[in-house]
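The residues making up each chain are set out below.
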Amino acid sequence: MAQAALLHGSSDSIINTADLARLLLDTNNPLPQRFIIPESERPNLSDNIYRDSTTLPTIDLSNFDDSSERLQLAPLLAQACTQWGFFQVVNHGIPVELLCKAKEVGFSLFSLPTEVKERCAFGITKGYEGRFPYVEKGAPWLEAFTFEALPNMGVEEVAGRLWHEGNQEFCDSIREITNLLADLARKITVLLAESLGLESNTFAQHFTEPKGRLRFNHYPPCPQPALTFGANAHTDPNMLTILYQDEVGGLQIRGRDDKWVGVKPCKEALVINIGDSFQAWINSRYLSVEHRVLVNPTRARLSFGLFLGPPEDVVIQAPRELVDDEHPQQYKPFTWAEYLEWRKKPECRGVGRTAFKRFAGIDNP
Ligand code: OGA
Ligand code: NI
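Numbers given to residues run from 1 along each chain, matching the order in which its sequence is written. All chains are assigned letters beginning at A, and all ligands numbers beginning at 1, according to the order in which they are written. Thresholds applied to this predicted model are a pLDDT of at least 70 for local features of residues and 80 or more for the giving and counting of side-chain atom pairs; totals over whole chains, interfaces and linings are not thresholded and use all residues. Excluding hydrogens and water, the side-chain values take into account all heavy atoms of the structure.

Q: Give me the pattern of salt bridges: which residues, what numbers.
A: The term salt bridge refers to a side-chain nitrogen of Lys or Arg lying within 4 Å of a carboxyl oxygen of Asp or Glu. Evaluated as defined, the whole model comprises 16 salt bridges. In this structure, lysine 101 and glutamate 176 form a salt bridge, with 3.6 Å as the shortest nitrogen-oxygen distance. Here glutamate 176 lies in helix H8 (residues 168–195) and lysine 101 lies in helix H5 (residues 96–110), a separation of 75 residues in the sequence. Classification of lysine 101 as partly exposed rests on a relative accessible area of 39%. Note that lysine 344 and glutamate 341 form a salt bridge whose closest N and O atoms lie 3.1 Å from each other. Given the relative accessible area of 61%, lysine 344 is considered exposed. Connected via shared salt-bridge partners are Lys103, Glu247 and Arg299. Counting from the N terminus, the helices are DSSP H or I runs at least four residues long and the strands are E runs at least two residues long. Burial here depends on accessible area, computed with a 1.4 Å probe over protein chains only, as a share of the maximum for the residue type. Under 20% is buried, over 50% is exposed, and the range in between is partly exposed.

Right, here's the structure in full:
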């Protein structure tokens, strides 16, 4: 394919982002239009934004199993969730070596040739994505591998396509890290319930089997990092996200004053945020906060995480304790399955972070 077509391509010739990154770094060609964001939304990279970052409120889980010690975390967590909607956990029970190993597994996936990775391009939010042809403007500067929930995860299918003879070690690693993250996610639902004054098991009872996805994000270096994002500003629709980010940095969250704040990487910590469906479940007592990812001019960045989704057939409805005159009910009861069905409608394209409000929001006077 001619280079001009690769760079400016029509939808059938959209180049894979990792290939494009290499091409631009080699040729000094400008970033294609589809990645360029409007001037008003561009990040200000002038003050070394990668280093200018904040340590999130830290929740130490060493004493999780001791219920009276654990209760002391409740006010800290409530404070973090009210102030940021994000926090980080340490002493979470997942050894740092395992997190590093998972990071290496991620890098090894992305270092495979494009045509091999694209054997796993099964569609949106499953398998490999590296082109995003359905995004016309503000395409994300990333490639990603997504695995479905345990126990199956589609991991054997992915391994069979990447390596003809399969790869047991790879499958085991993916399952191991997912299991550990899912255990942690369940614990976090306990802490969140307690921080809201609810019975410990209010949410955790629905997570005896893990729901959700494991996703690896790879953000290649980008020669014009002020013009695009690795991930545009968004909120996560799922319940909870538990994220590991490598040391490069670039994750930013929107503070209550609307300013973007960088999240300082910490190799022992996992970053946790509340998603839209959990916000609905807890009657907006904590908010699902917007975040975005900056790209780096010279360094590739890797993150991975568990995106815990609500159980499909449980009715999501604010517990009575969270609804009163001061906090009128914000959402009608719904199931995640209904929500997913609704999202398929053509009129829901582009609803983004307003999706839950449109789907189930109650207009309170
Ligand atoms: C996401 C996300 C942040 C990151 O995948 O939803 O927000 O740092 N990722 O990769
Ligand atoms: Ni996100």
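Q: I'd like a description of the site of ligand 1, backed by residues and values.
A: In the vicinity of ligand 1, the residues found are Asn217, Tyr219, His234, Asp236, Leu243, Leu251, His291, Val293, Arg301, Ser303 and Phe307. Think of a polar contact as two N or O atoms within 3.5 Å of one another; within protein, one of them needs to be a possible hydrogen donor and the other a possible acceptor, and neighboring residues in sequence only count if both atoms come from side chains. Taking aspartate 236, its side chain carries an N or O atom lying 3.2 Å from an oxygen atom of ligand 1. Relative to its unbound accessible surface of 290 Å², ligand 1 loses 93% to contact with the protein. Elements supplying a minimum of two residues to the shell around ligand 1: strand E7 (213–219), strand E13 (291–293) and strand E14 (301–308). Ranked by residues supplied to the shell around ligand 1, first place goes to E14 with three residues. Nonpolar residues are Ala, Val, Leu, Ile, Met, Phe, Trp, Tyr, Cys and Pro. Charged residues are Asp, Glu, Lys and Arg, and all others, Gly as well, are polar. Looking at the shell around ligand 1 residue by residue, the classes come out as five nonpolar, four polar and two charged. The rule for a residue being near a molecule or strand is that one of its heavy atoms must lie within 4 Å of it. Where accessible areas are quoted, they stem from the Shrake-Rupley method and a 1.4 Å probe; at the residue level, only the protein chains shown are allowed to cover.

Q: For the coordination of the nickel ion (ligand 2), give the residues involved together with the corresponding values.
A: Protein ligation of the nickel ion (ligand 2) involves His234 (NE2), Asp236 (OD) and His291 (NE2), the donor distances falling in the range 2.1 Å. Site description for the nickel ion (ligand 2): donor spacing in sequence, H-x1-D-x54-H. With histidine 234 in strand E8 (residues 231–234) and histidine 291 in strand E13, the pair connects residues that are 57 residues apart, well separated along the chain. A relative accessible area of 26% means that histidine 234 is categorised as partly exposed. Under the relative-accessibility criterion, histidine 291 is labelled buried at 6%. For Na, K and Ca the donor cut-off is 3.2 Å, while for other metals it is 2.8 Å, and in both cases only N, O and S atoms qualify; water is not among them, so sites may look incomplete.

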